[in-house]
Amino acid sequence: MDATTEFFQKLGARGHEPLLEKATGTIRFELTNGKRRSRWLVTVKKGDVTVSHANARADCVVRTDHELSNQIVTGEVNAMAAMLRGAVTVEGKPELLVLFQRLFPGPPGSRKRS
């Protein structure tokens, strides 16, 4: 199992995420790996989180390649810095990604590790 799959599966299994208690909305992550595309739809309602592979409308759509996604969910790359470099594109409400970024671990060696 790769890091991205593990991250989203664990997030969905938690059911409630205290770091997102002030957030409500949907974020769809679209990840490319060559010609393959995978999707993760995260629905947040005041901290209650569900995760699926649905291709549904979302308040925020995040697009990047699968390898960069693995680096983001392991803390090797900061999602907002990647967005500023153009390696991650965001449509819709970017403030949802800002809130969601709280769930990503900090860089290796930092105190903020999942």
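Structure report, in brief.

Conventions we followed
- Residues numbered from 1 in each chain as written.
- Predicted model: local features only at pLDDT ≥ 70, side-chain atom pairs only at ≥ 80, totals over all residues.
- Heavy atoms only, no water.
- Helix = DSSP H or I, 4+ residues; strand = E, 2+ residues; numbered from the N terminus.
- Buried < 20%, exposed > 50% of the residue type's maximum accessible area, 1.4 Å probe, protein only.
- Pairing = 2+ DSSP bridges.
- Axes fitted to C-alpha atoms, helices over the stretch in contact; angles between N-to-C directions.
- Contact = heavy atoms within 4.5 Å.
- Phe/Tyr/Trp six-rings, centres within 6.5 Å; stacked < 30°, edge-to-face > 60°.
- 1 Å grid on protein atoms, 1.4 Å probe; cavity = no way out; pocket = protein on both sides within 12 Å on 5 of 7 lines; lining within 4 Å.
- Points joined across faces, edges and corners; volume = space filled by probe spheres on them.
- Nonpolar A, V, L, I, M, F, W, Y, C, P; charged D, E, K, R; others polar.

### Quick word on unusual backbone geometry
Now for step 1: Phi is positive for lysine 46, which is not a glycine, with a value near 50 degrees.
Now for step 2: Among the secondary structure elements, lysine 46 is positioned in the loop between strand 2 (36–45) and strand 3 (48–52).
Now for step 3: Classification of lysine 46 as exposed rests on a relative accessible area of 60%.

### What about the sheet that holds strand 3?
Now for step 1: If you walk across this open sheet you meet the five strands as 3-2-1-4-5, and the pairing is mixed. Edge positions in the sheet fall to strand 3 and strand 5 (89–92), since each has one partner strand and no second. Direction aside, the axes of adjacent strands within the sheet are offset by 15 degrees on average.
Now for step 2: Both strand 1 (residues 24–33) and strand 2 contribute to a ladder of 10 bridges, which runs antiparallel. Residue pairing in the sheet places threonine 24 in a bridge with lysine 45 of strand 2.
Now for step 3: Along the sheet, helix 2 (residues 66–73) makes contact with strand 1, strand 2 and strand 4 (60–65), crossing strand 4 at roughly 110 degrees.

### Some words on the packing of aromatic side chains
Now for step 1: Counted by the stated rule, this structure contains seven aromatic pairs.
Now for step 2: Clustering of aromatic rings is evident, with ring pairs tying together Phe7, Phe8, Phe29, Trp40, Phe100 and Phe104.

### Details of empty space enclosed by the protein
Now for step 1: What the rule picks out here adds up to two cavities of 30 Å³ or more.
Now for step 2: Taken as a whole, the largest cavity holds about 100 Å³ of empty space.
Now for step 3: At the level of secondary structure, the elements contributing two or more residues to the lining of the largest cavity comprise strand 1, strand 4 and helix 2.
Now for step 4: It is helix 2 that provides the largest number of residues to the lining of the largest cavity, a total of three residues.
Now for step 5: Of the residues contributing to the lining of the largest cavity, the split by class is 10 nonpolar, two polar and no charged.

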